[in-house]
Amino acid sequence: MAKAPPPIASALERIHLLPENTRRSLPMALLHAREVVMARFRPMLAAHDVTEQQWRVLRVLSEAGPVEATELADRASVLPPSLTRIIKALEGRRFITRNKAEGDGRRVVLTIAPAGSALIEALSPERRVIYDDIERRFGHERLEQLLDLLETLIDGES
């Protein structure tokens, strides 16, 4: 049986809850915040000819160890068709290796290679400076609180 639409008064109340300008819109605020943060990291990545998506893939593989492609796409927030291109580029630079999963030749397992680990290690001091500066400007407790709140938001939607 079809659910009855909400009364008009209820719908009007919800409209008033919508932000009146984009600065208070959650999607816009998250996009702007991402741009502010990534503007700090892009020069570092560009200097090493690594895209943001490639970097996320390398970071996930560095932390997680061997990962199936589907899980990697999810954990690195990369669409599967994009991951295919990223894998080719990272393999070409010998940053990762690709192997068939044991028992199922259709699945692919990806592993960070020594050159990929070396890149992450080489960028570690510069990354640390960027993170330290963000923390200094924003405050350690506020940054931790922001990360906790974002994690709660993400977990609540998963």
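Bear in mind the structure is a predicted one, so any value in this text is a computation, not a measurement.

> Hey, could you run me through the overall build of the protein in this one?
Looking only at helices and strands, one finds 7 helices and 3 strands in the protein. Within the protein, buried positions represent 27% of all 158 residues. The contacts in the protein between residues at least 6 apart in sequence include a share of 49% that link residues at least 24 apart. For the protein, the computed accessible surface area is about 11700 Å², with 57% contributed by carbon and sulfur atoms.

> Is there a simple way to think about unusual backbone geometry in this case?
Backbone geometry follows two general trends: most residues other than glycine have a negative phi, and most peptide bonds adopt the trans configuration. In this structure, Ser77 takes a positive phi of about 55° despite not being glycine. Here Ser77 shows up in the loop between helix H4 (69-75) and helix H5 (80-92). Taking the relative accessible area as the measure of exposure, Ser77 reaches 57% and is therefore exposed. Despite not being glycine, Arg94 has its phi angle at roughly 60°, a positive value. Structurally, the position occupied by Arg94 is in the loop between H5 and strand E2 (96-101).

> Where do I start with the nonpolar core in this structure?
Note on soluble globular proteins: their nonpolar side chains tend to be buried together. Val57, Leu58, Leu61, Leu72, Leu83 and Ile96 are the most contacted members of the largest nonpolar core, which totals 29 residues. When residues of this core are traced back to their parent elements, those giving at least two are helix H2 (26-47), helix H3 (52-64), H4, H5, strand E3 (104-112) and helix H6 (114-138). Ignoring any residue separated from it by four or fewer positions in sequence, one finds Leu72 in contact with Val57, Val60, Leu61, Val67, Leu83 and Leu110.

> What is the right way to look at the packing of H2 against H3 in this model?
Each packed pair of helices is defined by two parameters, the angle between the axes and the distance between the axes. Two elements in contact, H2 and H3, have axes separated by 11 Å at closest approach and are oriented at 85°. On the basis of their axis angle, the class for H2 and H3 is roughly perpendicular. Side by side, H2 and H3 meet where Arg34, Met38, Arg42 and Leu45 of the first sit next to Glu52, Trp55 and Arg56 of the second. Considered class by class, the residues forming the contact of H2 with H3 number 3 nonpolar, no polar and 4 charged.

Parameters at a glance
Sequence order as written defines the numbering, with residues in each chain counted from 1. Predicted model: local features are reported for residues with pLDDT of at least 70 only, side-chain atom pairs are reported and counted for 80 or more only, and whole-chain, interface and lining totals are derived from all residues. Water and hydrogen atoms were dropped before computing side-chain values, which therefore reflect all heavy atoms in the structure. Think of it this way: any DSSP run of H or I at least four residues long counts as a helix, any run of E at least two long counts as a strand, and we number them from the N terminus. Throughout this description, buried means an accessible area under 20% of the type-specific maximum (1.4 Å probe, protein chains only), exposed means over 50%, and partly exposed covers the range between. Residues are treated as being in contact if the distance between any of their heavy atoms lies within 4.5 Å. For accessible areas, the Shrake-Rupley method is used with a probe of radius 1.4 Å. Any residue's cover is judged against the shown protein chains and nothing else. By nonpolar core is meant a set of buried Ala, Val, Leu, Ile, Met, Phe, Trp, Tyr and Cys residues that side-chain atoms within 4.5 Å join together. The axes are straight lines fitted to the C-alpha atoms, using for helices just the contacting stretch, and the angles between their N-to-C directions are given from 0 to 180°. To sort the angles, those under 35 degrees are grouped as roughly parallel, those over 145 as roughly antiparallel, those from 65 to 115 as roughly perpendicular, and the leftovers as oblique. Asp, Glu, Lys and Arg are counted as charged, while Ala, Val, Leu, Ile, Met, Phe, Trp, Tyr, Cys and Pro are counted as nonpolar; the rest, among them Gly, fall into the polar class.

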